[in-house]
Amino acid sequence: MNSNKRPDSMERITTPELAEAFIAEQVAQVRAQVGDKKVLLALSGGVDSSVVAALLIKAIGKQLVCVHVNHGLMRKGESEQVIEIFQKGLDANLIYIDATDRFLGLLKDVAEPEKKRKIIGGEFIKVFDEEAAKLEGIKFLAQGTIYPDILESDGVKAHHNVGGLPEEMDMELVEPIKLLYKDEVRVVGSALGLPDEMVYRQPFPGPGLGVRCLGAITRDRLEALREADAILREEFDKCGLAGKVWQYFIAVPDFKSVGVKDDKRYEGWPAIIRAVNTVDAMTATIEEIPYEVLHRITDRITHEVPGINRVLLDLTPKPIGTIEWE
């Protein structure tokens, strides 16, 4: 039987009881597969890698080595959350690398979106490889592959999992959630005790804020984007939109306009709100945001975030606009 095909008899995991049964089964399988050897995992803080990490910690504890690379393009508080939950909460064997300067140095003056993605993806693999090479006795590589990844490709999630490990490392894959759909991964994550804000975290591209800080990335504009995005998320949480909208974020383009602040001319960037709903990410509709919420978000962003003096709303469905701007 092809182990990459979901058996027809496999029940959809919708309840904590079904999730517990799945966890118990996977814990036994992982222990049988791994024995007393070490497993390496790139822990991004996304839903899939976080659930795999929590599952493997339950199965093999400190034999799992998690590597979290902060490329400096994370949303506000995300790397801190990974450390808080995994290192402090679950006592994980976690290696944290702050590679912000390295990534932003390579991205300096690079405006072309595809080139930015390649630099971020390629450098991520390099940083991960360097860390992996320092470790002894790693025989397995864990990945947060899920069933839609297998259906879409040949089972390798090259775009955001680690696809570039050196040949001589010759690792066997551990993919405990590869037969699950995204909604099932979330149920399993909750059953493993991960907090809702991690389990129900909205999709976030591998290059992170790198593709939302449009054009060539500068530190000041990236910081403005991070703060504006945090305000949007906070306000969506407060008014109940967070649970209703599939993906919502801010994009900040590389141009300024004139405004007035403290009775003086004030040049600043616009923050563009994007909020969409979709079933499969192939098409997307625009979520209606009440005007009072938009006014509150605008007021907060323009007053609290240095460098931003306008807030715009993107009303374009997909097609014709893609979900991300770059």
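Along each chain, the written sequence defines residue order, and numbers are assigned to residues from 1. Whole-chain, interface and lining totals are the exception, using all residues; otherwise, since this is a predicted model, local features are given only for residues with pLDDT of at least 70 and side-chain atom pairs are given and counted only at 80 or more. Based on all heavy atoms of the structure, the side-chain values leave hydrogens and waters out of the count.

With that settled, consider the layout of surface pockets. Considering only enclosed or pocket space, the second largest pocket measures out at about 630 Å³ in volume. In terms of lining, the second largest pocket is formed by 23 residues, of which the most central are Glu197, Tyr200, Arg201, Gln202 and Tyr248. Comment: elements are numbered from the N terminus, with helices defined as DSSP H or I runs of at least four residues and strands as E runs of at least two. For the lining of the second largest pocket, the element with the most residues is helix 9 (residues 219-239), which contributes 3 residues. Ten residue types, Ala, Val, Leu, Ile, Met, Phe, Trp, Tyr, Cys and Pro, are classed as nonpolar, four, Asp, Glu, Lys and Arg, as charged, and the remainder, Gly among them, as polar. Of the residues in the lining of the second largest pocket, the class split is 7 nonpolar, 6 polar and 10 charged. Using protein atoms alone on a 1 Å grid, points that fit a 1.4 Å probe yet trap it form a cavity, whereas open point sets bounded by protein on both sides within 12 Å along at least five of seven lines form a pocket; residues with an atom within 4 Å of a point count as lining. Grid points are joined across faces, edges and corners, and a volume is the space filled by probe spheres set on the points.

Classification of residues uses two cut-offs on accessible area relative to the type maximum, computed with a 1.4 Å probe and protein chains only: under 20% is buried, over 50% is exposed, and between them is partly exposed. For strand 8 (residues 264-277), the buried fraction is high: 10 of the 14 residues fall into the buried class. Examined bridge by bridge, strand 6 (residues 247-251) and strand 8 share 5 bridges and lie antiparallel to one another. The residue bridging Gln247 from the neighbouring strand is Val276, located in strand 8. Bridge analysis of strand 7 (residues 257-261) against strand 8 gives 5 bridges, and the strand direction is antiparallel. Of the residues in strand 8, the one forming a bridge with Lys261 is Lys264. Whether two strands pair depends on DSSP finding at least two bridges between them.

The pairing of strands in a sheet comes from backbone hydrogen bonds and takes either a parallel or an antiparallel form. Sheet architecture is open: 5 strands sit in the order 3-2-1-4-5, paired in parallel fashion. Since the sheet does not close on itself, it has two edges, and those belong to strand 3 (93-98) and strand 5 (172-174), each with one partner. Within this sheet the neighbouring strands show an average axis-to-axis angle of 30 degrees, counted without direction. In this description, contact between two residues means that some pair of their heavy atoms is separated by no more than 4.5 Å. Only the stretch in contact is used when a helix axis is fitted, and all axes are lines through C-alpha atoms; the angle between N-to-C directions ranges over 0 to 180 degrees. Of the strands in this sheet, strand 1 (38-42), strand 2 (64-70), strand 3 and strand 4 (138-142) touch helix 5 (residues 113-134), which is tilted by about 160 degrees from strand 1.

The element strand 1 is largely enclosed, with a buried count of 4 among its 5 residues. Alignment of strand 1 against strand 4, held across 4 bridges, turns out to be parallel. Counterpart to Val39 in the pairing with strand 4 is Phe140. With 4 bridges joining them, strand 1 and strand 2 adopt parallel strand pairing.

The next subject is the pattern of salt bridges. Within this document, salt bridges are pairs made up of a side-chain nitrogen of Lys or Arg and a carboxyl oxygen of Asp or Glu, the two lying within 4 Å of each other. According to the stated counting rule, one finds 26 salt bridges in the structure shown. A salt bridge links Asp101 to Arg219, with the shortest nitrogen-to-oxygen separation between them at 2.7 Å. Taken as a pair, Asp101 in helix 4 (residues 100-107) and Arg219 in helix 9 lie far apart in primary sequence, 118 residues in all. Overall, the relative accessible area of 55% leaves Asp101 in the exposed class. Notably, a salt bridge pairs Arg233 with Asp229, separated by 3.4 Å at the nearest N-O pair. Here Asp229 and Arg233 lie together in helix 9, a separation of 4 residues that amounts to about one turn. Overall, the relative accessible area of 1% leaves Asp229 in the buried class. Residues joined in a network through salt bridges with shared partners are Glu234, Glu235, Lys238, Arg296, Arg300 and Glu304.

The criterion for an aromatic pair is that two Phe, Tyr or Trp rings (for Trp, the six-membered ring) have centres within 6.5 Å, with stacked assigned to planes under 30 degrees apart, edge-to-face to planes over 60 apart and tilted to the rest. Taken as a whole, this structure holds 2 aromatic pairs when the rule is applied. Plain terms: the ring middles of Tyr147 and Tyr181 are 5.5 Å apart, the flat faces sit at 90 degrees to each other, and that makes the pair edge-to-face. One end of the pair, Tyr147, is in helix 6 (residues 147-152); the other, Tyr181, is in the loop between strand 5 and helix 7 (182-191), and 34 residues separate them in sequence. Pairing Phe236 with Tyr248 gives two aromatic rings, centres 4.6 Å apart and planes at 35 degrees, and the pair type is tilted. Of the two residues, Phe236 sits in helix 9 while Tyr248 sits in strand 6, which places them 12 residues apart along the sequence. We count a charge as sitting over a ring when the NZ of a lysine or the CZ of an arginine lies within 6 Å of the ring centre and within 35 degrees of the ring normal. Here the guanidinium or amino end of Arg212 rests over the ring plane of Phe249, the centre of that ring lying 3.9 Å away.

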